[in-house]
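# Fold and geometry: a report
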Amino acid sequence: MARIKDLTEASPESLVDAGGHKLAERMAYIYFDMYTDAMEAGFRAPLFGLVSGYRSQRRQDLLFRRAVQKYGNIKEARKWVAKVSPHRTGFAIDLNLGYPNNSENVQKIEATEAYKFMRDVLAPKYNLSPYSREPWHWECDKACRADVTETELSSAGLGSNKVGWLKRLGVVFSVVSGLYLGKKLIDNIHEKKG
């Protein structure tokens, strides 16, 4: 597990909605699987809820300026807010682990069962990397993405590109469902006429 090194900003077409936040498609799959695992382990919402995903550089600049105001100088602000954030890739997430995500709550968050489950169970399972100063922040680097592409997806029998296959499957399902429902509607109209 390693932090994201390539901080290239995600293209809009590579992002999907994940509970009101944008994520890279592969990260969305990981997040939803991870969230399901947490709920099945007995945690309840709002724990493991997505607090932040993709963040544009423009938004990051604003957050950095606010951090400089809060902490009084650039050096201290950089401890808590990156000038260029991994969030811009769509492969970084901030989670609700029991307390508001801010520097004053680091120790409280690290003491929660939700954080310990994330650190000890979910992060290793999904190959997610933490950011040590922010226990709510988790990243999916290239190794994590490769795991998703090759391991989980091939086991689902979808080859090496689940995203493309799922999109195609969704389109096919929508078309078939639409045709079926359309045929049923036409059949019902004919029955009423006849």
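Residues numbered from 1 in each chain as written. Predicted model: local features only at pLDDT ≥ 70, side-chain atom pairs only at ≥ 80, totals over all residues. Heavy atoms only, no water.

## Looking at the state of the cysteines
- Counted under the stated rule, the structure contains 1 disulfide.
- The disulfide partner of Cys140 is Cys144, and the S-S distance across this bridge is 2.3 Å. The chirality of the disulfide connecting Cys140 with Cys144 is left-handed, given an S-S dihedral of about -100°.
- Overall, Cys140 belongs to the buried group, its relative accessible area being 0%.
- Owing to a relative accessible area of 0%, Cys144 belongs among the buried residues under this scheme. (Disulfide = S-S within 2.5 Å. Buried < 20%, exposed > 50% of the residue type's maximum accessible area, 1.4 Å probe, protein only.)

## Some points on the nonpolar core
- Among the nonpolar cores identified, the biggest contains 37 residues, and Met27, Met34, Phe48, Ile93, Leu95, Leu128 and Trp138 are the most heavily contacted of them.
- Among the secondary structure elements, those contributing two or more residues to this core are β2 (21-24), α1 (25-40), α2 (57-71), α3 (74-80), β4 (92-95), α4 (106-110), α5 (113-126) and β6 (134-139). (Core = buried A, V, L, I, M, F, W, Y, C linked by side-chain atoms within 4.5 Å. Helix = DSSP H or I, 4+ residues; strand = E, 2+ residues; numbered from the N terminus.)

## Remarks on a positive patch on the surface
- A cluster of basic residues, Arg59, Arg65, Arg66, Arg78 and Lys83, forms a positive patch on the protein surface.
- Examining the composition of the positive patch, we find that 3 residues originate from one element, α2, more than from any other.
- Here Arg65 lies in helix α2. (Patch = residues over 30% accessible without salt bridge, like charges linked within 9 Å, V, L, I, M, F, W, Y side chains within 5 Å. Areas by Shrake-Rupley, 256 points an atom, 1.4 Å probe, with all protein chains shown as cover. Salt bridge = Lys/Arg side-chain N within 4 Å of Asp/Glu carboxyl O. Lys, Arg positive; Asp, Glu negative; His and termini not counted. Charge placed at Lys NZ, Arg CZ, Asp CG, Glu CD.)

## Remarks on α1
- Here α1 spans 23 Å end to end across 16 residues, near enough to the 22 Å set by a 1.5 Å rise per residue.
- Looking at α1, one finds that the buried residues are Glu25, Met27, Ala28, Ile30, Tyr31, Met34, Asp37, Ala38 and Met39.
- Remark: Gly42 follows α1 within two positions and exhibits a positive phi of approximately 110°. (Expected span 1.5 Å × (residues − 1).)

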